Amino acid sequence: MRRRILLKKTVSTARTGDAQSFENLYILTVQETYGKIGTLVKEPERAEEILCAVYCALYREVHALPEEEEELQSRIEEEIYRCAEQILQQEPGRIDEKEAYGTLNENQAATIWLK
């Protein structure tokens, strides 16, 4: 429950253009986002490229991000599919919720953020 409230407050503040809040949104969502991408793409370099593209796209539309967690996750998934198709030059498969998600270590997540 606390995560849901924190995420909602973070998105609300990020929507105003607050860069620190968008970074916090990245921190709160990057592991799950990367895991979902990893079910579509097995090459870590490609997965990281898609991850970077997803958050760049979300930042460009930060003012319109939904505040509710379920809607935000749906929006992130839409962006995953869009970016994956663009980068891979083919329609990606479907995210497999049953597959074990890969994770990023803190240094990897920070490096991707800095890109």
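Up top is the structure.
Since this is a predicted model, take the numbers as computed values, not measurements.

1. Description of the overall build of the protein chain
For step 1, the next point in the chain: Along the backbone of the protein chain there are five helices and zero strands.
For step 2, the next point in the chain: In sequence order, the protein chain lays out its α and β elements as α-α-α-α-α.
For step 3, the next point in the chain: Taken over the C-alpha trace, the protein chain has a radius of gyration of 13 Å; the compact-globule value for 115 residues is 13 Å, and the two agree within 12%.
For step 4, the next point in the chain: On the principal axes, the C-alpha backbone points of the protein chain span a range of 35 × 25 × 25 Å.
For step 5, the next point in the chain: Taking contacts inside the protein chain between residues at least 6 apart in sequence as the whole, the part at least 24 apart equals 65%.
For step 6, the next point in the chain: Total accessible area on the protein chain is roughly 6,900 Å²; 49% of this is exposed by carbon and sulfur atoms.

2. Quick notes on the nonpolar core
Burial of nonpolar side chains together is a common tendency in soluble globular proteins.
For step 1, the next point in the chain: The biggest cluster of nonpolar side chains holds 31 residues, and the ones touching the most others in it are Phe 22, Ile 50, Leu 51, Val 54, Tyr 55 and Leu 65.
For step 2, the next point in the chain: Of all the elements in the fold, those that place two or more residues in this core are helix 1 (2-14), helix 2 (19-40), helix 3 (44-60), helix 4 (69-88) and helix 5 (106-114).
For step 3, the next point in the chain: Setting aside chain neighbours within four positions, we find Ile 50 in contact with Ile 37, Val 41, Ile 80, Cys 83, Ala 84, Ile 87 and Leu 88.

3. Observations regarding the packing of aromatic side chains
How two aromatic rings sit relative to each other is given by the distance of their centres and the angle of their planes.
For step 1, the next point in the chain: If you walk through the whole model with that rule in mind, you get four aromatic pairs.
For step 2, the next point in the chain: Where Tyr 26 meets Tyr 55, the ring centres are 4.8 Å apart and the plane angle is 80°; that geometry is what we call edge-to-face. Taken together, the positions of Tyr 26 in helix 2 and Tyr 55 in helix 3 put the pair 29 residues apart, joining distant regions of the chain.
For step 3, the next point in the chain: A relative accessible area of 5% places Tyr 55 in the buried class.
For step 4, the next point in the chain: Note on Tyr 26 and Trp 113: the rings are 4.9 Å apart at their centroids and 40° apart in plane angle, and the pair reads as tilted. In this pair, Tyr 26 is assigned in helix 2 and Trp 113 in helix 5, connecting sequence segments 87 residues apart.
For step 5, the next point in the chain: Owing to a relative accessible area of 4%, Tyr 26 belongs among the buried residues under this scheme.
For step 6, the next point in the chain: Grouped by ring-pair contacts, the aromatic residues Phe 22, Tyr 26, Tyr 55, Tyr 59 and Trp 113 constitute a single cluster.
For step 7, the next point in the chain: Taking the ring centre of Tyr 81 as reference, the NZ or CZ of Arg 94 above it sits at 4.3 Å.

4. Thoughts on the pattern of salt bridges
For step 1, the next point in the chain: One pass over the full model with this rule turns up 12 salt bridges.
For step 2, the next point in the chain: The residue Glu 49 makes a salt bridge to Arg 46 at a minimum N-O spacing of 3.1 Å. With Glu 49 and Arg 46 both in helix 3 and three residues apart, the pair spans about one turn of that helix.
For step 3, the next point in the chain: Exposure remark for Arg 46: the relative accessible area of 31% places this residue in the partly exposed category.
For step 4, the next point in the chain: Several salt bridges converge on common partners, so that one network encompasses Arg 3, Arg 4, Glu 32, Lys 36, Glu 69, Glu 70 and Glu 77.

Conventions adopted
- Residues numbered from 1 in each chain as written.
- Predicted model: local features only at pLDDT ≥ 70, side-chain atom pairs only at ≥ 80, totals over all residues.
- Heavy atoms only, no water.
- Helix = DSSP H or I, 4+ residues; strand = E, 2+ residues; numbered from the N terminus.
- Rg over C-alpha atoms; globule rule 2.2 N^0.38 Å.
- Contact = heavy atoms within 4.5 Å.
- Areas by Shrake-Rupley, 256 points an atom, 1.4 Å probe, with all protein chains shown as cover.
- Core = buried A, V, L, I, M, F, W, Y, C linked by side-chain atoms within 4.5 Å.
- Buried < 20%, exposed > 50% of the residue type's maximum accessible area, 1.4 Å probe, protein only.
- Phe/Tyr/Trp six-rings, centres within 6.5 Å; stacked < 30°, edge-to-face > 60°.
- Lys NZ or Arg CZ within 6 Å of the ring centre and 35° of its normal.
- Salt bridge = Lys/Arg side-chain N within 4 Å of Asp/Glu carboxyl O.

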